[in-house]
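Analysis of the macromolecular model
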Amino acid sequence: MIQKHLPVQRITQGPKHHFFGYFDKFPWDKSGRRLLAQEIPFTARQPLPGEKATLGMIELTQNNRFVPLAETDAWCWQQGCMFQWLNDSETKVIYNDREGDHFVSRILDVESGETETLCRPVYCLSPDGRWAMSLNFSRLDRERPGYGYPGAYDPNEKVKCPDDEGIWLVDLKENRAKLVVSIAQVTDAFYRSDMEDTEGWFNHILISPDSRRFAFFHRWRLRNADGSRGGHRTHMFTANLDGSELYPLNLEEMSSHYTWIDPERIINFSNRYIGGWQYYLYTDRTHHTDIIAKDTFPGDGHCSYSPDGKWMLTDSYPLEDSCRKLFLYRLEDGTAFEIGSFYSDPSYPVPTRCDLHPNWSRDGRSVCIDSIHEGSRQIYLLDVSGLTAH
């Protein structure tokens, strides 16, 4: 591992806190001049229903000016409100919100201010701009605090494995939604004894680059010997957008962060008998896997490939020095660089932690992160072109 810490530029300012959220979306618009951000007046505790986030964009060519756009009552610390640019528009964003006792999503034109409300909240978008996938964010909030939203009515709150709840395909143009994979369907098809009489849920949905298939996690709650709630296990699947051709990509108990790198392959940090916890490259609808950067990194991280496919970007959870590390890995020759180290206050409750969640710019020259190393939660940029251009 080569240590080459790069200069870091903070692009948001206090006293309020700012973050983008997850690592599998583009914060930048297509011009590269604007970067999305969510603004919160507090940190280090969970939001209560009614505590809103301000959504805005940072004008990178105008001294990083923060431009407020909207507010939302449906957000969390890890993935925000799924605030992101629409893939088939230059000026439209989408985000989740609460309307009465249920969650919705809204499309906003940042130039005209025109807003459209959709029938369901969104989890991810298809690259072609036509579709979104949705799930039950109330269920997700109960089972994995920090990823879902509080404050909405859930008719399946007491149902362990509902057959009328799961992953929904949302037609963004027609404003219609259809259940394509239910929790009961997957539980029944890939049943294990430790799934008996326990809660199941879905998380981490991502559509393939060709907009034809999606990947997702099925998770279920374990029970301790005394009957109390324990940890969870994970199976990873792929399917066509309509739910057909469901394929078990990893049934070896645990998958973590992942992303599609092309229409057929997924990189995923997972635990497999062949090599333990590693970054694995899976080929969809096959049993073929390869280990990437074997034993190179200190553990799980938020991994992605550069737009040109030559570099892997990932990070770490806090190590012995309470710092999160940021890494680049050159796929051609296996050279790894530690490009940053960021202190992470260990007193933050787990659901409110500030992962780096590194994201590539669309041209592959910059990386943005969320971090609390200066005492508040803010967004930072690193210019990586000095490494990636070679």
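Residues numbered from 1 in each chain as written. Predicted model: local features only at pLDDT ≥ 70, side-chain atom pairs only at ≥ 80, totals over all residues. Heavy atoms only, no water.

Before going further, it helps to examine the pattern of salt bridges. Summed over all chains, the structure comprises 30 salt bridges. For Glu-143, the salt bridge goes to Arg-221, with nearest N and O atoms at 3.2 Å. With a gap of 78 residues between them, Glu-143 in helix H1 (residues 137-143) and Arg-221 in strand E16 (residues 213-223) connect regions that are remote in the sequence. For Glu-143, a relative accessible area of 7% corresponds to the buried category. Of the residues examined, Arg-221 reaches a relative accessible area of 7% and is grouped as buried. (Salt bridge = Lys/Arg side-chain N within 4 Å of Asp/Glu carboxyl O. Helix = DSSP H or I, 4+ residues; strand = E, 2+ residues; numbered from the N terminus. Buried < 20%, exposed > 50% of the residue type's maximum accessible area, 1.4 Å probe, protein only.)

Right, let's get into the packing of aromatic side chains. Geometry of an aromatic ring pair is reported as the spacing of the ring centres plus the angle between the planes. Per the stated rule, a full pass over the model turns up 23 aromatic pairs. Summarising the aromatic geometry, the rings of Phe-137 and Tyr-149 are spaced 4.6 Å apart at their centres and angled 10 degrees between planes, so their arrangement reads as stacked. Remark: Tyr-149 occurs in the loop between H1 and strand E13 (166-171) and Phe-137 occurs in helix H1; sequence separation between them is 12 residues. Neither residue differs from the other here; Phe-137 and Tyr-149 are each classed as buried. A centroid spacing of 5.1 Å and a plane angle of 50 degrees characterise the contact between Phe-297 and Phe-327, whose relative ring orientation is tilted. Residue Phe-297 is located in the loop between strand E22 (289-292) and strand E23 (304-305), and its partner Phe-327 is located in strand E25 (residues 323-330); the two are separated by 30 residues in the primary sequence. Comparing Phe-297 with Phe-327, the two get one shared label, buried. Above the face of the Phe-42 ring, Arg-45 is positioned so that its terminal group lies 3.7 Å from the ring centre. (Phe/Tyr/Trp six-rings, centres within 6.5 Å; stacked < 30°, edge-to-face > 60°. Lys NZ or Arg CZ within 6 Å of the ring centre and 35° of its normal.)

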